[in-house]
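Take a look at the letters that make up each chain.
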Amino acid sequence: MTFVISGDHVDKLPPTEAEVAIVGRSNVGKSSLVNALSGRRKLAHVSNTPGRTRLLNLFRLDEGGSMMDLPGYGYAAAPKHMRDKWGAMIEGYLLEREGLEMVVVLVDGEIGPTKLDVQMLEWLRSHDLPHTVVATKHDKVKSSKRSKRKQELAEGCQLDVGDVVWVSAHKGVGIDRLRGLILRWLG
Ligand code: GDP
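Thresholds applied
Residues numbered from 1 in each chain as written. Predicted model: local features only at pLDDT ≥ 70, side-chain atom pairs only at ≥ 80, totals over all residues. Heavy atoms only, no water. Axes fitted to C-alpha atoms, helices over the stretch in contact; angles between N-to-C directions. Helix = DSSP H or I, 4+ residues; strand = E, 2+ residues; numbered from the N terminus. Parallel < 35°, antiparallel > 145°, perpendicular 65-115°, else oblique. Contact = heavy atoms within 4.5 Å. Nonpolar A, V, L, I, M, F, W, Y, C, P; charged D, E, K, R; others polar. Phe/Tyr/Trp six-rings, centres within 6.5 Å; stacked < 30°, edge-to-face > 60°. Buried < 20%, exposed > 50% of the residue type's maximum accessible area, 1.4 Å probe, protein only. Near = heavy atom within 4 Å. Polar contact = N/O pair within 3.5 Å; in protein donor to acceptor, adjacent residues only side chain to side chain. Areas by Shrake-Rupley, 256 points an atom, 1.4 Å probe, with all protein chains shown as cover. Pairing = 2+ DSSP bridges. Right-handed = clockwise from strand over helix to strand, strands pointing away.

K.L.:
Would you take a moment to explain the packing of helix 1 (residues 30–38) against helix 6 (residues 175–185) for this structure?
P.N.:
Two elements in contact, helix 1 and helix 6, have axes whose closest approach is 10 Å; the angle formed by their N-to-C orientations is 80 degrees. It follows from the interaxial angle that helix 1 and helix 6 lie roughly perpendicular. Side by side, helix 1 and helix 6 meet where Leu33, Ala36 and Leu37 of the first sit next to Ile175, Leu178, Arg179 and Ile182 of the second. Considering only residue class, the contact of helix 1 with helix 6 consists of six nonpolar, no polar and one charged.

K.L.:
What is the right way to read the packing of aromatic side chains from this model?
P.N.:
The final tally for this structure, using the stated rule, is one aromatic pair. For the ring pair phenylalanine 3 and phenylalanine 59, a centre distance of 5.6 Å and an interplane angle of 65 degrees mean the geometry is edge-to-face. Residue phenylalanine 3 is located in strand 1 (residues 2–7), and its partner phenylalanine 59 is located in strand 3 (residues 56–60); the two are separated by 56 residues in the primary sequence. Classification of phenylalanine 3 as partly exposed rests on a relative accessible area of 23%.

K.L.:
For this particular structure, what's the right way to read the site of the ligand?
P.N.:
For the ligand, the set of nearby residues contains 13 residues, the closest of which are Asn27, Lys30, Ser31, Ser32 and Asp139. In the environment of the ligand, an oxygen atom lies 2.8 Å from a nitrogen or oxygen atom belonging to the backbone of asparagine 27. When the ligand is considered free in solution it has 580 Å² of accessible area, and contact with the protein chains removes 73% of it. Here the shell around the ligand is composed, by residue class, of two nonpolar, seven polar and four charged.

K.L.:
In this structure, what is going on with the sheet that holds strand 2 (residues 19–23)? I would like to understand it.
P.N.:
The strand order 1-3-4-2-5-6-7 describes an open sheet built from seven strands, whose pairing is mixed. Among the strands making up the open sheet, the edge pair consists of strand 1 and strand 7 (165–166). Relative to strand 6 (residues 131–136), strand 5 (residues 100–108) runs parallel, the two sharing six bridges. Bridging from a neighbouring strand, valine 107 pairs with alanine 135 of strand 6.

K.L.:
What should I look at first to understand the pairing of strand 5 in this one?
P.N.:
Counting buried positions along strand 5 gives eight out of nine residues, so the element sits mostly inside the fold. Where strand 2 and strand 5 come together, five bridges link them in parallel fashion. Looking across to strand 5, one finds that valine 23 is bridged to valine 105. Regarding topology, helix 4 (residues 115–126) serves as the crossover connection from strand 5 to the parallel strand 6, and that connection is right-handed.

Right, here's the structure in full:
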């Protein structure tokens, strides 16, 4: 996976044939996951570079196709006009990007879907945008509690339990499965 470019508007990005976007609230584990998927430390560094965390970050996959790392939503502390700007940037991208095949919505597997996550899912559904929920931090939940938690995660997202992919960037759980899904979505 190679970093291509950052932009503050969908119009400034080069076109791609097929793209998967990753979105989630800040601290959900997005850069750790991008890092684990790529198998390279440098990339997470790229998307964690100050300034870039609030931009649309485009990566190209070695296997073909692209991945969009969207800025984390829900910086509650940010001034309203800045939150509005991020919202408009993310919405503009999701509604206008050609070749967008799948939106991966990250949900914290330890704490479950937040109100903002649910809002994001409802918004994607209202616009008929293909999306998949990926729960993070699998290793943070005790193995005896995982089955119940997975059910809660699915219910909170109004999905069937089999539709939630659960990963751990730290332990590598589910990473190969998610990589396989991404390649399938990219055709
Ligand atoms: P981002 O803000 O969504 O990019 O989130 P980060 O990748 O920076 O992760 C936020 C916090 O969650 C950091 O303290 C990470 O170490 C932690 N984290 C991310 N993924 C995992 C995971 O799979 N397991 C555990 N235990 N912690 C994780």
